[in-house]
Amino acid sequence: MDRIEATYYVETPYPLADAAAVMAGEQSSGTFVAIPGETEELKMQYAARVEQIEELETVAASSLSGEQLHFEKYHRGKVTISWSLANFGVNLPVLCSTLMGNLYELRQFTGIKLIDIQLPDSYTAHFRGPKFGIRGTAELISLEAKTPLVGTIIKPSVGLTIEDTADLVRRLAEAGIDFIKDDELMGSAHNSPFGKRVNAIMEVLNRYQDKTGKKVMYAFNISDEMDNMLRHYEHVVKAGGSCAMISLYSVGLTAVKRIADIGQLTIHGHRNGWGMLNRHPLLGVTFAAYQKLWRLAGVDQLHVNGIRNKFWESDESVVKSIKACLTPMEGVLPALPVLSSGQWGGQAIDTYKLTQATDYLYLAGGGIMAHPGGISGGVNGIKQAWEAAVRGLTLEEATQKYPAVKQAVEKFGGVKA
């Protein structure tokens with residue numbers, strides 16, 4: 001029988017082997033004491049197994065609160081545990097409850113973080129995954145569209161009237177933008193009800209498509225209660241839209257999969273809230289594991305932050321997240337990495353150097369809106385910066401060749417726009 005494996009980075013005052021056995025028992029057939037019915041045959045088929053233990057460093061103080069006892073040292077290491085597929089069925093919520101459930105509560109641990117999940121092909125085969133992915137997203141915009149796709153976020157996040165939003169969308173489309181999205185804070189505001197906003201924006205974009213043949217993608221934030229999400233989704237489809245944005249953590253895995261399974265719109269997955277799942281080095285889940293679950297659920301586009309971003313995350317972590325989205329899973333398309341957070345053209349060159357990839361949706365808010373050359377200059381500056389990156393130019397060389405890049409450097413150089 002195929003098995004699912006999960007690897008954790010853990011900290012415990014107990015011997016690692018003893019602590020790992022507690023993890024395996026808690027997250028499968030066992031409890032804290034032997035009970036009738038827990039036969040050897042049952043355990044053989046359904047009990048979790050400790051597959052590997054790698055001892056790492058020892059520290060003098062605990063990372064998180066645990067037992068109200070003093071220990072002289074705490075052991076850290078990597079623990080890999082596996083479960084039979086018979087435990088799950090094709091059920092992502094039960095899988096999540098197993099991988100990221102009560103084990104975080106265990107008193108034997110003063111730190112535990114899910115590092116990665118290994119899913120056998122026989123499991124991933126049950127999921128469609130992203131319907132559109134990287135290439136499908138680009139083709140919804142234009143058959144000639146190439147990555148990186150350049151996009152932006154409506155700013156101010158909330159407060160704009162529908163008329164002002166539609167006018168901004170018109171100016172962005174005319175500037176050559178590929179993608180626009182609602183801010184995650186925008187739902188159905190008092191001065192911008194969802195349905196009316198969709199109608200006004202799509203009237204602008206449909207008219208632009210009729211004139212140019214290009215269908216600028218707009219990601220409408222449909223995050224809401226389930227029934228409302230379904231109604232919002234249908235409204236976007238009827239208006240001629242091509243993308244629905246969902247705040248993944250806010251609505252949950254099952255709601256995202258239910259929406260993605262409809263298959264008429266590409267799904268833009270916003271990861272707001274992910275920091276509380278990952279920011280502590282010994283608590284939560286890494287993006288490498290996190291993104292696999294959302295890809296199984298059918299998310300086409302996934303936020304990964306960006307190089308030299310305005311948040312806490314390191315460039316090394318961002319690059320790992322990018323590569324995770326692009327790593328093949330049997331029968332499941334890669335997700336389009338969405339680079340955002342304080343981005344402007346200046347980061348394009350370093351992003352390409354670090355990843356040697358262009359399969360991105362590159363979002364800039366202030367990096368476009370506040371460009372000295374206006375919105376058109378902001379869009380052109382990013383496109384020119386990516387052209388320079390692929391050609392192997394330095395940022396200094398790019399400023400000499402591309403006027404919009406030069407203006408951007410003069411405005412944003414050293415600033416997180």
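None of these values were measured; they are calculated from a predicted model.

Definitions and limits used
- Residues numbered from 1 in each chain as written.
- Predicted model: local features only at pLDDT ≥ 70, side-chain atom pairs only at ≥ 80, totals over all residues.
- Heavy atoms only, no water.
- Pairing = 2+ DSSP bridges.
- Helix = DSSP H or I, 4+ residues; strand = E, 2+ residues; numbered from the N terminus.
- Axes fitted to C-alpha atoms, helices over the stretch in contact; angles between N-to-C directions.
- Contact = heavy atoms within 4.5 Å.
- Buried < 20%, exposed > 50% of the residue type's maximum accessible area, 1.4 Å probe, protein only.
- Arc of directions from axis to C-beta.
- Salt bridge = Lys/Arg side-chain N within 4 Å of Asp/Glu carboxyl O.
- Left-handed = near helix turned anticlockwise from the far one by under 90°.
- Nonpolar A, V, L, I, M, F, W, Y, C, P; charged D, E, K, R; others polar.
- UniProt positions renumbered as here; feature names shortened; annotations may be inferred.

**Details of the sheet that holds strand 4 (residues 111-118)**
Now for step 1: An order of 2-3-1-4-10 is seen for the five strands of this open sheet, with the pairing classed as mixed. Here the strands that pair on one side only, and so sit at the sheet edges, are strand 2 (49-59) and strand 10 (283-285). Each strand of the sheet is rotated relative to its neighbour by a mean of 15°, with strand direction disregarded.
Now for step 2: In this sheet, strand 10 lies alongside strand 4 in parallel orientation, the contact comprising three bridges. Paired with K113 across the bridge in strand 10 is G284.
Now for step 3: On top of the sheet, helix 12 (residues 287-297) reaches strand 4 and strand 10; it is set at about 50° to strand 4, its chief contact.

**Quick notes on the environment of V169**
Now for step 1: Along the chain, V169 falls in helix 6 (residues 162-174).
Now for step 2: Sequence-wise, V169 and I180 are 11 residues apart; in three dimensions their C-alpha atoms are separated by 7.7 Å.
Now for step 3: Those residues in contact with V169 that lie beyond four places of it in its chain are I154, I180, I201, V204, L205 and Y218.

**A closer look at helix 3 (residues 92-99)**
Now for step 1: If you check which residues of helix 3 are buried, you get L92, L95, C96, T98 and L99. Seen end-on, helix 3 carries its buried residues on one side only, within an arc spanning 160°.
Now for step 2: Of the surrounding elements, those touching the buried residues of helix 3 are strand 1 (3-12), strand 3 (74-84), strand 4, helix 4 (121-124), helix 10 (253-260) and helix 12.

**As for the sheet that holds strand 8 (residues 243-247)**
Now for step 1: Overall, parallel pairing links the eight strands, which are arranged 5-6-7-8-9-11-12-13 in a closed barrel. Between one strand axis and the next, the sheet turns through 25° on average, direction left out of account.

**Quick word on unusual backbone geometry**
Glycine aside, residues mostly have negative phi angles, and peptide bonds mostly take the trans form.
Now for step 1: Going from T147 to P148, the amide bond is cis rather than trans, its omega being 5°.
Now for step 2: Within the secondary structure layout, P148 lies in the loop between helix 5 (133-141) and strand 5 (149-153).
Now for step 3: Of note, the phi angle at R308 is positive, near 45°, even though the residue is not glycine.
Now for step 4: Mapped onto the elements of the fold, R308 is located in the loop between strand 11 (301-305) and helix 13 (315-326).
Now for step 5: Given a relative accessible area of 33%, R308 falls into the partly exposed group.

**Structural notes on the pattern of salt bridges**
Now for step 1: Summed over the entire model, instances satisfying the criterion amount to 19 salt bridges.
Now for step 2: R76 serves as the salt-bridge partner of E57, at 3.4 Å between the closest nitrogen and oxygen. Of this pair, E57 sits in strand 2 while R76 sits in strand 3, placing them 19 residues apart in sequence.
Now for step 3: For E57, a relative accessible area of 32% gives the class partly exposed.
Now for step 4: With a shortest N-O distance of 2.5 Å, D350 and R308 are connected by a salt bridge. With a gap of 42 residues between them, D350 in helix 14 (residues 346-355) and R308 in the loop between strand 11 and helix 13 connect regions that are remote in the sequence.
Now for step 5: Given the relative accessible area of 26%, D350 is considered partly exposed.
Now for step 6: Within the structure, one salt-bridge network assembled from shared partners comprises D167, R170, R171 and E174.

**Thoughts on the packing of helix 12 against helix 13**
Now for step 1: Where helix 12 meets helix 13, the axes come as close as 9 Å, and the angle between the chain directions of the two elements is 35°. The two elements helix 12 and helix 13 cross, and the hand of that crossing is right-handed. Together, F287, A288, Q291 and R295 of helix 12 and S321, A324 and C325 of helix 13 make up the contact between the two elements.
Now for step 2: The class makeup of the residues in the contact of helix 12 with helix 13 is four nonpolar, two polar and one charged.

**Quick word on the UniProt feature "domain: Ribulose bisphosphate carboxylase large subunit C-terminal" (unreviewed entry) in the protein**
Now for step 1: UniProt's feature table lists "domain: Ribulose bisphosphate carboxylase large subunit C-terminal" (unreviewed entry) at residues 146-412, given in the numbering used throughout.
Now for step 2: Structurally, residues 146-412 comprises 50% helix and 14% strand, and the distance from its first C-alpha atom to its last is 26 Å.

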